[in-house]
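The lines below spell out each chain.
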Amino acid sequence: MQSISLKNSFHPFSSSSPSCQLCLDVICRNLIDADLFSKSDPMVVMYTQGLGSKEWREFGRTETIWNNLNPDFVKKFIIDYFFEERQAMRFDVYDVDSKSPDLSKHDFLGQAFCSLGEVVGSSGSRYEAPLRGTSSRNTGRIVITAEELDSSKDVIHMQFNGRKLDKKDLFGKSDPFMVFCRCNENNSFTVCHKTEVKKNTLNPEWGMIQIPVRTLCNGDYDRTIKVEVYDWDRDGGHDLIGIFTTSVNKLTRGPGPDNVYECINPKKKAKKKKYKHSGLVNLLHVKIAKQFSFLDYIRGGTELNFVVAIDFTASNGNPNQPSSLHYIHPNQPNQYALAIQAVGDIVQDYDSDKLFPTFGFGARLPPDGRVSHEFALNFNPANPNCFGIQGVMEAYQHSIRSVQLYGPTNFSPIINSVSRMAVDATNGSQYYILLMITDGVISDMGATKEAIVNAARLPISIIIVGVGAAEFDAMEELDGDTVRVSHRGIEAERDIVQFVPFRDYIAQGKSQILSQARLAKDVLAEIPDQLVGYMKSRRLNPGSPPPQYTSTNTASAPV
């Protein structure tokens, strides 16, 4: 059976996007051993190319699997599939040597290139290719499997315990963990979840598991789920305790005789005639709940509040000179203006009053020249709102002619100010998006990290756009995609910061509109998940959407 089908139904007199969402599963085999005293610790980084572009851009990373040359990664890549486009992909495999997100700090093992169409068009939508490394030696293989995702929003919550599991360790008991595997349409299995390891026990009780139903069975409640129970070993050679199978439909019957499972070890069963099992696994709790989406919250009345903060430090250059990042050209908007327009044009559609608090930082203000790290761009501290993006632009152009660029570059006052706004919006009715545009290195990094850790508890996302040619390496510390921001040992509850350098979106000879569209797409891509993550962490369900309008006039309109 072919794994991929276009499920878009035919609707005359309408339009639709000829695409579907695919889940890409990645495994590697026979990787080279890059570590001296142990096996490699592999991670895969996926890259894509934009339409009409040759630039490779990071799409995502798998988790790291320690001491394993044949890893089956749990992290999947969810990607939109367009039949009419050639969607180029690159997969780089690294041996991870530290917690650093900088790939240059890790050992490169090899890479593979393909298109999404090649994966979909392969037999069973399973594409296999050799990894090409820096030398001619065989560096292993990568296997990429695609499956169309079901649209189910259900999440299954489960908890299990084990009883009298086999003892596998010589000087102790076992260290058991469970691996859940989804059955694919070609009857192969894909790892989709691993539990935590319970140390030195034959009677473990694992924590609550939450898995999207479409990840576990792609919406097919009768599809086979294989569960493998292992004894964890430090060297990555985990010992199989036993296997059992189930399905979502069976699990939903709840705790009881139907959900007590015998763990069967195939090798032991083949050798011993009187073999019964290697222990029991019991279902303790099960619940299926709907997972709400970003659109559910927007339809339910959640509004996005857009806040803008602009860097007015002296490192931007004299605004009267064309070389300045703040230079106001009569025909060509500067990078600050382009970033405001790119992000604001998208966000303003989700804000009913179109009133945007807009601030500056790092300037000396009239009339006495005092330095401010948080001032209203309209010079009205009691009401810093600007009406619409045009109002923001007008306030920006007026203020640049009224202040003296100074310094230093302090982020924390602005972030703390927005946090104070958001404190009164923790009921799910509002979500704040702070756009900070800067040209240089943050002067108050410690205070900024503390402000971000505090803001992560509130309905806030922060977008930082770096303009100009400065190096922004320190900014990557704030973008918690790989390593979560922390301050004095306290880690941020959520990843709420997205950083991008604006220069990556200025293409010579390319359309300015296209560059702005790419910027907006990338910086806003994480907002829906961040909003849903906050609502979920606070157990806030979306409000009821307003009733659909239906006309009471049944008479036909005159022709």
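Owing to the predicted nature of the structure, the values given are computational and were not obtained by experimental measurement.

**Some points on the sheet that holds strand E23 (residues 404-405)**
Piece 1. Strand order in the open sheet formed by three strands is E20-E19-E23, with antiparallel pairing between adjacent strands. A strand with exactly one partner marks an edge of an open sheet, and here the two such strands are strand E20 (370-372) and E23.
Piece 2. In this structure, strand E19 (residues 363-365) lies alongside E20, joined through three bridges in antiparallel fashion. Across the sheet, residue alanine 363 finds its bridge partner in E20, namely serine 372.

**A short note on the UniProt feature "domain: C2" (unreviewed entry) in the protein chain**
Piece 1. The UniProt record annotates "domain: C2" (unreviewed entry) at residues 2-131 and 138-261.
Piece 2. Span residues 138-261 is 7% helix and 43% strand, its end C-alpha atoms 42 Å apart.

**Looking at unusual backbone geometry**
Piece 1. Here proline 366 and proline 367 are connected by a cis peptide whose omega angle stands at 5°.
Piece 2. For the bond from glycine 407 to proline 408, the omega torsion is -5°, close enough to zero to count as cis.
Piece 3. Counting through the fold element by element, proline 408 comes out in the loop between E23 and helix H8 (412-422).
Piece 4. Despite not being glycine, asparagine 30 shows a phi value in the positive range, around 55°.
Piece 5. Within the element layout of this structure, asparagine 30 appears in the loop between strand E1 (19-29) and strand E2 (42-49).
Piece 6. Residue class for asparagine 30 comes out exposed when judged on its relative accessible area of 55%.
Piece 7. For lysine 354, which is not glycine, the phi torsion reads 60° and is therefore positive.

**Focus: the pairing of strand E7 (residues 126-130)**
Piece 1. Burial of the side chains of E7 is restricted to one face: Tyr127 and Ala129 are buried, whereas none of Arg126, Glu128 and Pro130 on the reverse face is.
Piece 2. The pairing of E7 with strand E8 (residues 141-148) spans five bridges and is classified as antiparallel. Bridged to proline 130 within E8 is arginine 141.

**Quick word on the domain arrangement of the protein chain**
Piece 1. The domains assigned to the protein chain are domain 1 (20-148), domain 2 (154-290) and domain 3 (301-538).
Piece 2. The distance between the C-alpha centroids of domain 2 and domain 3 comes to 46 Å.

**Considerations on the nonpolar core**
Piece 1. Among the nonpolar cores identified, the biggest contains 50 residues, and Phe306, Phe312, Ile463 and Val465 are the most heavily contacted of them.
Piece 2. Examining the composition of this core, we find that eight residues originate from one element, helix H6 (residues 335-347), more than from any other.
Piece 3. In terms of nonpolar packing, the next biggest core, distinct from the first, is built from 32 residues, Phe411, Ile442, Ile462 and Phe499 among them.

**A look at the packing of aromatic side chains**
Piece 1. Applying the stated criterion across every chain yields a total of 16 aromatic pairs.
Piece 2. With a centroid separation of 5.7 Å and 70° between ring planes, the pair formed by tyrosine 94 and phenylalanine 108 is classed as edge-to-face. Note that tyrosine 94 is positioned in strand E5 (residues 88-95) and phenylalanine 108 in strand E6 (residues 107-115), a separation of 14 residues in sequence.
Piece 3. On the basis of an interplanar angle of 65° and a centroid distance of 6.3 Å, the ring pair of phenylalanine 312 and tyrosine 396 is categorised as edge-to-face.

Reading guide: rules and limits
Residues numbered from 1 in each chain as written. Predicted model: local features only at pLDDT ≥ 70, side-chain atom pairs only at ≥ 80, totals over all residues. Heavy atoms only, no water. Pairing = 2+ DSSP bridges. Helix = DSSP H or I, 4+ residues; strand = E, 2+ residues; numbered from the N terminus. UniProt positions renumbered as here; feature names shortened; annotations may be inferred. Buried < 20%, exposed > 50% of the residue type's maximum accessible area, 1.4 Å probe, protein only. Domains from an automatic or database assignment. Core = buried A, V, L, I, M, F, W, Y, C linked by side-chain atoms within 4.5 Å. Phe/Tyr/Trp six-rings, centres within 6.5 Å; stacked < 30°, edge-to-face > 60°.

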